[in-house]
Amino acid sequence: MRIAVLGMMLVLLTNTAMAANVIITEVLYDPVNSETGGEAVRIYNPSAVPVDIGNWSLATETSAEDATIPAGTVLSPSSYYLIADTGWSTLKDSPEWPAADLEEAITLSNIDAGVALKNGTIIIDAVGWGSGVNIGAGLFEGNPSNGTAQGQSLKRRFEAGYIDTDDNAADFFSSDPFSAAGPAASTSIAVYAVIEGSAPAIEQIIVADEDSTEPGIQVYPMPKTNRQVMITAVVSDTSAEDIASVSAEFRSAAIQMNRTAVNGTKATYSGTIEVPFYLAPANYSIRVKATDFAALETAENITFQYLSLTGIEFDSPTLSFNALPGSTVQLAGDENFGSQNLTIRNIGNTALDFSVSGTDLAYGSSRISAGSMAYTFGTDYSDPTAGVLSYAPQHEDVNLGPGENALKGIGFKLTVPTTTVPGNYTGSISITAEAS
Amino acid sequence: MKPVIYLLAFALFLSAGTAGIGLAPERIHFSVRENSHAERNILLYNLNAEESEFSVSALNNREFFEIAPQKGAIAGNGRQMIKIRLKPGLERGKYEEEFLAQIRNSQSGVSVIAGAKTKAYITVEPEVIYDAGRKRGPLITAGIVAIGLLIFKAFR
């Protein structure tokens, strides 16, 4: 791409911790007067250019689109936009507080919750409070803040500019609502430079959301099989032909994306990332980078939640005891998947404990009680993970971690009472996996 | 004298190949107001090569949950999305629940049951009271009662 600067070159020197994009600056989730009518979220445009925030939405624990900003809404540079619950004008705790730019029913839970500002599926900013394990994916950044007392709001720290380190615990503090902690809404005259030739813009990044009941983007793991996750990016430039390449980066691995469609100034690129089945459940980011032929680059992130998966697999197709009445037979387990001895494999991405239960063994009207069988996840039957089979599930702290080949042997010992009638006895054993 | 041999055979696994189960996610969250409902999905994988029967159940407060489908069959190496709906009725507070999914591979009268659990964390917050289209919280209601008492006292 030829670069001809017709106006002036604008160089912005910014601290990397200073917010440059639209951010959430304040969240009032626990007002004194009314939980329904007194809650609010304030966003701010710290950049030097107007931003079209039309159709952007707020995601909460209650809804992936709890409030939607009307189409055509443009947030001027250094300006705030206040989204408040329906009834804000009369139910807000203080009449001195600013009027809402948008009143719409929103639900901000007081405990272990969060709110995200989204443009389509792209999370622009998120603020959470409480315990991260209980907050929905995409509703907080880094560590959630500690929260506020009733009547206080979570406010973003301000030091010459709003601080945005992508860590809510570091960036937010409890404060009197709408007290001065940041810049007043701008009244300055904006000066625009006309620049011909610019870096390509990433307009949209798409990763399919596989669970519409949760806010954010969820990706399900598959047991013992790595997931292939398709990522699509819409990139624009003065001409789509000026775009040289688009690539994605996931966990330090670069993935080349291929152009799949062109429409004037826009081009669509697609690629596939591979997610190991045993990768820990967490929020992960994919960084998409677009480069033009003048080596100008733009990069954007998309975050998805890789869900947790509990999965187990047994290797032995047949396990049989041949025993005499009054005898005891043992079948050892081993950590060799595919051997004749029983092995359990963790094929999910969480550490596992097990609960074991069973039925009596039956042959016609004859029975061998479930309690005649013992099991162990260890090397012998005095191991802490050993037990005697019963109808009620017994929990064993095995803590079998995830991995590409996470194996554990399980052994059984059958003691046949001397009075047992000979025959072919059948029954069932339940082995249930649960997260450690 | 020749010893008499007795044979007792207990077949634990009779299916050819491997057997197993997958359940995702391992934990889900419900955050609702009193007398409202919410819905979450869990995904169940059948790792048996053959079609297998499955069942899903809540272990503690089953009357508060609707599970659909609760039982059925999944094709070999197939999967089934399960919807879990929290019904209205839980009082405000925090609860925990466990959902047990089991896959039964049944051949020749021998049952192999592989199971997996998903934990649910439930937060129920105070109910919203609607009045003429405007939402009001419980503090407003308490305030009205307090004002009423003051007026009653003043005119006694």
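Everything numeric in this text was worked out from a predicted model, so none of it was measured.

Another point: the overall build of chain B. Looking only at helices and strands, chain B features one helix and twelve strands. Sequence-ordered secondary structure for chain B, helices as α and strands as β, is β-β-β-β-β-β-β-β-β-β-β-β-α. In chain B, the share of contacts with a sequence separation of at least 24, taken over all contacts with a separation of at least 6, comes to 66%. When the accessible surface of chain B is split by element, carbon and sulfur atoms take 55% of a total near 8,200 Å².

Right, let's talk about the overall build of chain A for a bit. Scanning chain A from terminus to terminus reveals two helices and 34 strands. Across the 436 residues in chain A, those meeting the buried criterion constitute 51%. Taking as baseline every contact in chain A between residues at least 6 positions apart, the subset at least 24 positions apart corresponds to 66%. Summed over its atoms, the accessible surface of chain A is roughly 18,300 Å², and 50% of this surface lies on carbon and sulfur atoms.

By definition, the strands of a sheet pair up through backbone hydrogen bonds, in either a parallel or an antiparallel sense. All names here are of chain A. The eight strands are arranged S13-S15-S18-S17-S16-S19-S20-S14 in an open sheet whose pairing can be described as mixed. Every interior strand has two partners, whereas the edge strands, strand S13 (201-207) and strand S14 (218-219), have only one. The pairing of strand S15 (residues 227-236) with strand S18 (residues 266-275) spans ten bridges and is antiparallel. The partner of Met-230 across the bridge, within S18, is Thr-272.

Time to look at the side chain of Glu-434 of chain A. Among the structural elements, Glu-434 of chain A can be located in strand S34 (residues 428-435). A relative accessible area of 8% places Glu-434 of chain A in the buried class. The residues touching Glu-434 of chain A, leaving out its near neighbours within four places in the chain, are Thr-310, Ala-351, Leu-352, Asp-353, Ser-355 and His-395 of chain A together with Lys-117 of chain B.

Another point: the pairing of strand S23 (residues 328-331) of chain A. All names here are of chain A. Side chains Val-329 and Leu-331 project from S23 onto a buried face, and the interleaved Thr-328 and Gln-330 project onto a face without burial. Two strands pair when backbone bridges link them, and S23 and strand S32 (residues 411-415) are joined in this way by four bridges, in the antiparallel orientation. Its bridge partner being in S32, Gln-330 is matched across the sheet by Lys-413.

Taken as a whole and assessed by the stated rule, the structure comprises 17 salt bridges over all chains. In this structure, Lys-224 of chain A and Glu-313 of chain A form a salt bridge, with 2.6 Å as the shortest nitrogen-oxygen distance. Here Glu-313 of chain A lies in strand S21 (residues 310-314) and Lys-224 of chain A lies in the loop between S14 and S15, a separation of 89 residues in the sequence. Residue classification places Lys-224 of chain A among the partly exposed residues on the basis of a relative accessible area of 33%. The partner of Glu-66 of chain B in a salt bridge is Arg-85 of chain B, and the shortest N-O contact between them spans 3.7 Å. In this pair, Glu-66 of chain B is assigned in strand S6 (residues 65-68) and Arg-85 of chain B in strand S8 (residues 79-86), connecting sequence segments 19 residues apart. If you follow the salt bridges from partner to partner, you end up with Asp-125, Arg-156, Asp-164 and Asp-171 of chain A in one network.

Residues and elements named next belong to chain A. Evaluated as defined, the whole model comprises 16 aromatic pairs over all chains. Relative to Tyr-284, the ring of Phe-250 has its centre 6.1 Å away and its plane inclined at 70°; by these criteria the two rings are edge-to-face. Highlighted residues: Phe-250 in strand S16 (residues 243-250) and Tyr-284 in strand S19 (residues 282-292), separated in sequence by 34 residues. Neither Phe-250 nor Tyr-284 differs from the other in exposure class; each is buried. Plain terms: the ring middles of Tyr-363 and Tyr-425 are 5.5 Å apart, the flat faces sit at 50° to each other, and that makes the pair tilted. Within this pair, whereas Tyr-363 is found in strand S26 (residues 361-363), its partner Tyr-425 is found in strand S33 (residues 423-425), the two being separated by 62 residues in sequence.

Glancing now at the nonpolar core. Among the nonpolar cores identified, the biggest contains 56 residues, and Phe-354 of chain A together with Phe-30, Leu-44, Phe-65 and Ile-84 of chain B are the most heavily contacted of them. Considering each element in turn, this core owes the most residues, five residues, to strand S10 (residues 110-125) of chain B. Once you skip the residues sitting within four places of it in the chain, Phe-65 of chain B turns out to touch Phe-30, Ala-58, Ile-84, Arg-85, Leu-86, Lys-87, Glu-97, Phe-99 and Ile-122 of chain B.

Next up on the list: unusual backbone geometry. With an omega dihedral of -5°, the bond running from Ala-24 of chain B to Pro-25 of chain B counts as a cis peptide bond. For Pro-25 of chain B, the position within the fold is in the loop between strand S2 (19-24) and strand S3 (27-33). Here Ala-68 of chain B and Pro-69 of chain B are connected by a cis peptide whose omega angle stands at -10°. Considering the arrangement of structural elements, one finds Pro-69 of chain B in the loop between S6 and strand S7 (71-74). One non-glycine residue, Asn-399 of chain A, adopts positive backbone phi at about 55°. Relative to the assigned elements, Asn-399 of chain A resides in strand S30 (residues 394-400).

What follows deals with the sheet that holds strand S11 (residues 153-156) of chain A. Strand order in the open sheet formed by six strands is S8-S7-S2-S1-S11-S12 (chain A), and the pairing between neighbours is mixed. Because the sheet does not close on itself, it has two edges, and the strands there are strand S8 (102-103) and strand S12 (172-175) of chain A.

Okay, the pairing of strand S17 (residues 253-263) of chain A next. Residues and elements named next belong to chain A. As paired strands, S16 and S17 are joined by five bridges and run antiparallel to one another. The partner of Glu-249 across the bridge, within S17, is Ala-254. The loop that links S16 with its antiparallel partner S17 comprises two residues; one of these, Arg-251, has a positive phi angle of about 50°. Where S17 meets S18, five bridges bridge the pair, whose relative direction is antiparallel. Counterpart to Asn-263 in the pairing with S18 is Lys-266. The turn joining S17 and S18, which pair antiparallel and follow one another in sequence, is formed by two residues; a positive phi near 65° is taken by Gly-264.

Each value, and the rule that gives it
- Every chain is numbered independently, its residues counted from 1 as its sequence is written.
- Starting at A for chains and at 1 for ligands, labels are handed out in the order in which the entities are written.
- In keeping with the model being predicted, local features are shown solely for residues with a pLDDT of at least 70 and side-chain atom pairs are shown and tallied solely at 80 or more, while totals for entire chains, interfaces and linings include all residues.
- Based on all heavy atoms of the structure, the side-chain values leave hydrogens and waters out of the count.
- In this description a helix means any DSSP run of H or I spanning at least four residues, a strand means any run of E spanning at least two, and both kinds are numbered starting from the N terminus.
- The contact criterion used throughout is that any non-hydrogen atoms of two residues lie within 4.5 Å.
- Every accessible area reported is derived by Shrake-Rupley at a probe size of 1.4 Å, with residue values counting cover from the shown protein chains alone.
- Relative accessible area decides the class of each residue, using a 1.4 Å probe on protein chains only: under 20% of the type maximum gives buried, over 50% gives exposed, and in between gives partly exposed.
- One bridge is not enough; two strands pair if DSSP finds at least two bridges between them.
- Each salt bridge in this description consists of a side-chain nitrogen of Lys or Arg and a carboxyl oxygen of Asp or Glu lying within 4 Å of one another.
- Put simply, two rings from Phe, Tyr or Trp (the six-membered ring, in Trp's case) pair if the centres are within 6.5 Å, and we call them stacked under 30 degrees between planes, edge-to-face over 60, tilted for the rest.
- In plain words, nonpolar cores are sets of buried Ala, Val, Leu, Ile, Met, Phe, Trp, Tyr and Cys residues tied together by side-chain atoms within 4.5 Å.

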